[in-house]
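One-letter residues, chain by chain:
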Amino acid sequence: MADLAHQNVTGAHPGETRRDFLILTASAVGAVGVAATIWPFIDSLNPARDTLALATTEVDIGPVQVGQRLTVAWRGKPIFIDHRTPEEIKAAETVDVSSLRDPQPDSARVKKPEWLVIIGVCTHLGCIPLGQRAGDDRGPYGGWFCPCHGSIYDTSGRIRQGPAPLNLVVPPYEFTGDTMIKIG
Amino acid sequence: MPKHLLAAAALIAAICAAPLTSGVAEEMPPLPRQEWSFFGIFGTYDRAAAQRGFQVYKEVCSACHPVKHLYFRDLTDLGYTEDEVKAIAASYQVNNEEANDQGQIYQRPARPSDPIPGPFPNNQAARAANNGALPPDLSMIVKAREGGPDYVFGLLTGYKEPPADFKMLTGMYYNEYFPGHQIAMPPPLNDGAVTFADGTPATVPQMAHDVVTFLTWAAEPNLEPRHRTGFKVMLFLVIAVGIFYATKRKIWATAH
Amino acid sequence: MADIPSPGAGGRIIRWIDYRLPFVGMLQHELYEYPTPRNLSYWWNFGSLAGIMLVVMIVTGIVLAMQYTPHADLAFDSVERIMRDVNFGWMLRYAHMNGASMFFAIVYIHLFRGLYYGSYKQPRELLWILGVVILVLMIATAFMGYVLPWGQMSYWAATVITNLFSAIPWIGQSIVTLLWGGFTVGNPTLNRFYALHYLLPFVILAVVLLHLIALHRFGSNNPLGIDMKGPQDSLPFHPYFTIKDLFGLSVFLLIYAFFVFYAPNFLGSSDNSIPANPMQTPNHIVPEWYLLPYYAILRSVPNKLLGVIMAFGSIFLLFIVPWLDTSPVRSARFRPIYKWVFWLLVIDVVALGWVGANPPEGLVVTVGQIATLYYFVHFLILFPVIGKVERPRPLPVSIGTAVLEPSRRTPLGGAGAPIAKP
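On a predicted model such as this, the values are computed, not experimentally measured, just so you know. (Residues numbered from 1 in each chain as written. Chains lettered and ligands numbered in written order. Predicted model: local features only at pLDDT ≥ 70, side-chain atom pairs only at ≥ 80, totals over all residues. Heavy atoms only, no water.)

So, about the overall build of chain B. Check the secondary structure of chain B and you find seven helices and four strands. Going from N to C terminus, chain B has its helices and strands arranged as α-α-α-β-β-α-α-β-β-α-α. In chain B, the share of contacts with a sequence separation of at least 24, taken over all contacts with a separation of at least 6, comes to 59%. Only carbon and sulfur atoms are counted for the fraction: they give 59% of the accessible area of chain B, which is about 13700 Å². (Helix = DSSP H or I, 4+ residues; strand = E, 2+ residues; numbered from the N terminus. Contact = heavy atoms within 4.5 Å. Areas by Shrake-Rupley, 256 points an atom, 1.4 Å probe, with all protein chains shown as cover.)

What follows covers the domain arrangement of chain B. All names here are of chain B. For chain B, the domain assignment lists domain 1 (32-70 + 121-237) and domain 2 (71-115). Inter-centroid distance (C-alpha atoms) of domain 1 to domain 2 is 24 Å. The interface is formed by eleven residues belonging to domain 1 together with twelve residues belonging to domain 2. Roughly 1000 Å² of surface becomes buried between domain 1 and domain 2 when both sides are summed, with 57% attributable to carbon and sulfur atoms. Linking domain 1 with domain 2 are one salt bridge. The shortest N-O distance in the salt bridge between D77 and R47 comes to 3.8 Å. On inspection of domain 1 and its partner domain 2, the count reaches three residue pairs in polar contact (both at pLDDT 80 or more). Listed by contribution, the elements that provide at least two residues to the side of domain 1 that touches domain 2 are α2 (47-59) and α6 (204-219). (Domains from an automatic or database assignment. Buried area = accessible area lost by both parts, 1.4 Å probe. Salt bridge = Lys/Arg side-chain N within 4 Å of Asp/Glu carboxyl O. Polar contact = N/O pair within 3.5 Å; in protein donor to acceptor, adjacent residues only side chain to side chain.)

All names here are of chain C. On the surface, a cluster of nonpolar side chains totalling about 880 Å² of accessible area is made up of I13, W16, I17, L21, F23, M26, L27, L31 and Y32. Of all the secondary structure elements, the ones that give two or more residues to the nonpolar patch are α1 (8-20) and α2 (23-33). A per-element tally of the nonpolar patch places α2 first, with five residues. Looking at the secondary structure, you find M26 in helix α2. M26 sits in the partly exposed class, given a relative accessible area of 45%. (Patch = residues over 30% accessible without salt bridge, like charges linked within 9 Å, V, L, I, M, F, W, Y side chains within 5 Å. Buried < 20%, exposed > 50% of the residue type's maximum accessible area, 1.4 Å probe, protein only.)

Generally speaking, soluble globular proteins have nonpolar side chains that are buried together. If you look at the biggest cluster of nonpolar residues, it comprises 134 residues, and the most contacted ones within it are C:L115, C:W128, C:L135, C:L318 and C:F379. Counting contributing residues, this core receives three or more from each of domain 1 (41-283) and domain 2 (286-392) of chain C. Contact partners of C:F379, with chain neighbours within four places excluded, come to C:L115, C:L317, C:L318, C:V321, C:L324, C:L345 and C:P384. Membership of the second largest hydrophobic core comes to 47 residues, among which are B:A50, B:F153, B:V194 and B:F214. (Core = buried A, V, L, I, M, F, W, Y, C linked by side-chain atoms within 4.5 Å.)

The bond known as a disulfide is covalent and runs between the sulfur atoms of two cysteines. Residue and element names in this part refer to chain A. In total, this model carries one disulfide over all chains according to the counting rule given. Two residues, C127 and C148, share a disulfide whose sulfurs are 2.1 Å apart. Between C127 and C148, the S-S dihedral sits near -95°, and the bridge is therefore left-handed. With C127 in the loop between β4 (115-119) and β5 (144-145) and C148 in the loop between β5 and β6 (152-153), the pair connects residues that are 21 residues apart, well separated along the chain. Under the relative-accessibility criterion, C127 is labelled partly exposed at 22%. Residue C122 stays outside any disulfide, its sulfur separated by 3.9 Å from that of C146, the closest cysteine. (Disulfide = S-S within 2.5 Å.)

With that settled, the discussion passes to the side chain of C:D233. Residue and element names in this part refer to chain C. With respect to the helices, strands and loops of the structure, D233 is situated in the loop between α9 (187-218) and β2 (234-236). Put simply, D233 is tucked away with no salt bridge, and the nearest opposite charge, on K229, sits 5.6 Å away. Of the polar contacts made by the side chain of D233, one reaches the backbone nitrogen of K229; its length is 2.7 Å. (Lys, Arg positive; Asp, Glu negative; His and termini not counted.)

Residues and elements named next belong to chain A. With five of its five residues buried, β4 lies for the most part within the structure. Of the strand pairs in this sheet, strand β3 (residues 77-83) and β4 are connected by five bridges, and their pairing is antiparallel. Among the inter-strand pairings, F80 is bridged to a residue of β4, identified as I118. (Pairing = 2+ DSSP bridges.)

Each partner contributes to the interface: chain A provides 18 residues, whereas chain B provides 13 residues. For the pair chain A and chain B, the summed buried area comes to about 1300 Å², and 70% of that belongs to carbon and sulfur atoms. Looking only at chain A, the three residues that lose the most surface to chain B are A:R19, A:L22 and A:V29, adding up to 33% of its buried area. Note that B:K86 and A:E58 form a salt bridge whose closest N and O atoms lie 3.4 Å from each other. Applying the counting rule to chain A against chain B returns two residue pairs in polar contact (both at pLDDT 80 or more).

What follows is about empty space enclosed by the protein. All names here are of chain C. Enumeration according to the criterion identifies two cavities of 30 Å³ or more in this entry. When its volume is computed, the second largest cavity comes out at roughly 50 Å³. Within the residue set of the lining of the second largest cavity, elements represented by two or more residues are α4 (75-84) and α5 (89-117). Class assignment for the residues of the lining of the second largest cavity results in five nonpolar, one polar and three charged. (1 Å grid on protein atoms, 1.4 Å probe; cavity = no way out; pocket = protein on both sides within 12 Å on 5 of 7 lines; lining within 4 Å. Points joined across faces, edges and corners; volume = space filled by probe spheres on them. Nonpolar A, V, L, I, M, F, W, Y, C, P; charged D, E, K, R; others polar.)

Let's shift gears to the pattern of salt bridges. All chains considered together, the criterion is met by 28 salt bridges over all chains. Across the salt bridge formed by A:R158 and A:D154, the nearest N and O atoms sit 3.1 Å from each other. We note that A:R158, like A:D154, is buried. When the shortest N-O distance is used, the salt bridge between C:R84 and C:E80 registers 2.8 Å.

Time to look at the interface of chain C and chain B. Contact residues are listed per partner, giving 50 residues for chain C and 53 residues for chain B. At the boundary of chain C with chain B, total buried surface from both sides reaches about 4700 Å², with 70% on carbon and sulfur atoms. At the boundary of chain C and chain B, one finds two salt bridges. Among the salt bridges present, the one from B:R73 reaches C:D85, with a minimum N-O distance of 3.0 Å. Residue assignment for the side of chain C that touches chain B shows that the elements contributing at least two residues are α4, α5, α10 (237-262) and α14 (338-357) of chain C. Considering each element in turn, the side of chain C that touches chain B owes the most residues, 16 residues, to α10(C). Looking at side-chain class alone, the side of chain C that touches chain B contains 36 nonpolar, six polar and eight charged residues.

Here it is as structure tokens:
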């Protein structure tokens, strides 16, 4: 203990600075080691390879007739695929966009007008709107109707009435063929 | 103290050197040691061999043996492209996870995210097709047997005529390296059983070598990242040891 | 030097907390200033290593627990998913698996260090007992952990070891059924082992805390086995032993990393890569290496109940070691007979390990019986007798003189060889 006190009081000997350098280096090495060790623990919580493998879904939409709607699963969520009738397309396109709560023209929401691909999760609090099955209440705009709190969507999946703030989300997708789409 | 340490260490070493394997001294011949590309701390998987091995598995072994822990998507690790993997997967029919609207389970082409389906729907069907013997799953076989890759290679190439005085049970085959020497699996490999796309002659040792490479990869797909990370970690630690030792000596210099 | 280091605002916050919950001051004393014998050898590194490994096992364990499924039908596959699909899953699994082996190796060395230098002797008897409690908890934890992957060895080791309790007269089989939660080892067994495997390490943590409190009561023992008498005998824990522990840690990590990255399955059994099959027993049921000596003792005794008693007894014997040893002197350095006999125990335990690893036939059985006998003779007979019979060499006056002036010796006793630092 006495030795230490002496060392601390006197000035910087060459031994002193060398010792400080070593301590600094040792601390740096230790810090790098700790940081490098922590990363795998955190990264193991990220989606694993099997989860990532299900990140894209390919859907054959050939069998879906005009006027029919199909529901598929993508990343654990329902996707509404609507093979729209000409009337539905017209209704979606001839809307004053500026009057919408979440203004979006129909053209910004589809790649081909006769196919609407949207995530079937209400943007209010996450229920699944009705409208996919024959006999479902589609609401006054012929789109979808959410039974939980009464949000009403049109034939482009846009919010028209009710508490939902945003339009039904369009997922990333592309046509890999005339009747094949790849979602995600 | 060091004297005692040395004496004890010597005795301990002597004890450990005593045969640790089966006390039952059967006349099990030593496994033929092979050259493996994945052996040693710098080992890697020979992709060409692994692809040939996958072909051998697909065309010969998969008739009886599943590899349930392998997914089609894993094959990209062997050098197949995404499209090739999709095509390989699509050549298999698998049960859909969900029943159709009539409540029936139906078949569909496999996707890369599916596991590679086995030849039998359950163990009973497998036994029924194989005289009561159950062909084991191969996805972990190299890890699940003493001797690992050398053992599986030995087994595949170790079929021979039984010695004159050896009593064979009906339906069994004599194998040099299988414990007990009697195995229910008939020799699976014959020269030319498979035609390799890269033109490598398909001799039995070649096919055995390649399929063992494939199966070792199947059991330990993360061997290469493990070796790579290990190298960086060991290098870092060697440096750390040096720095900490120097620091320790410096700090302790005043204490002696 | 009892001041809390405190530049500026950060220091004020620390002082505010410390006034109400004096942990900073406590850490300052217990970790920084704490007087440690200046002559500690590297054999004293293993305590901190053990503590670090406990933390490593808990952290890797928790992260693995997030991905593991404790159901008999799904467990094996969930482990394979961790190995193949979870990011760095293979690393976490191998770290946890090999960490257990490292943990036991460290703790065994730590234990034998205690036996050699008399660290269990007055006033550290409770410290030693707490250590044995930790060992028992570790064995229970490791045993249950090994069952979780639900491989062949997992299942059959669970079957064999739980069946031991059937040796208890009259109620034995009922106890086994209670442990199993069924008529054999099965899903209920797996689930309860998982719950307990998650719980016990935190119990170990608590006992380690007690172990440290007991340690700090009188401070560490040292290679000379004589008490610290003043500041000339000690050095503050920081920086001398923090850096020494850090150095020792880095050397250990090199060994640990070698196993994890280059030989991850060397210490294990290939049979555990086969999914559990209740209809087929492996040819050789072998526990992990760190349980082999107890397994050898169990099998060496022809009587089932006696074998169970002796196997458990071999561990519980350790609890009374402080009272079995009659030596007036702590460290084997000054015990001319015991210092050799100690190594017989080491060899005996290694021999028992060899016996446990091999099928019980021929030479293995003979060695097993001799080694088992010797184990109990060592503790129950040699310990008390040697302490009484041997003449200890003269102790140095103090640690400080022994280290700094090796020529000074205690006036009592005859000439002895100069005390050389190894």
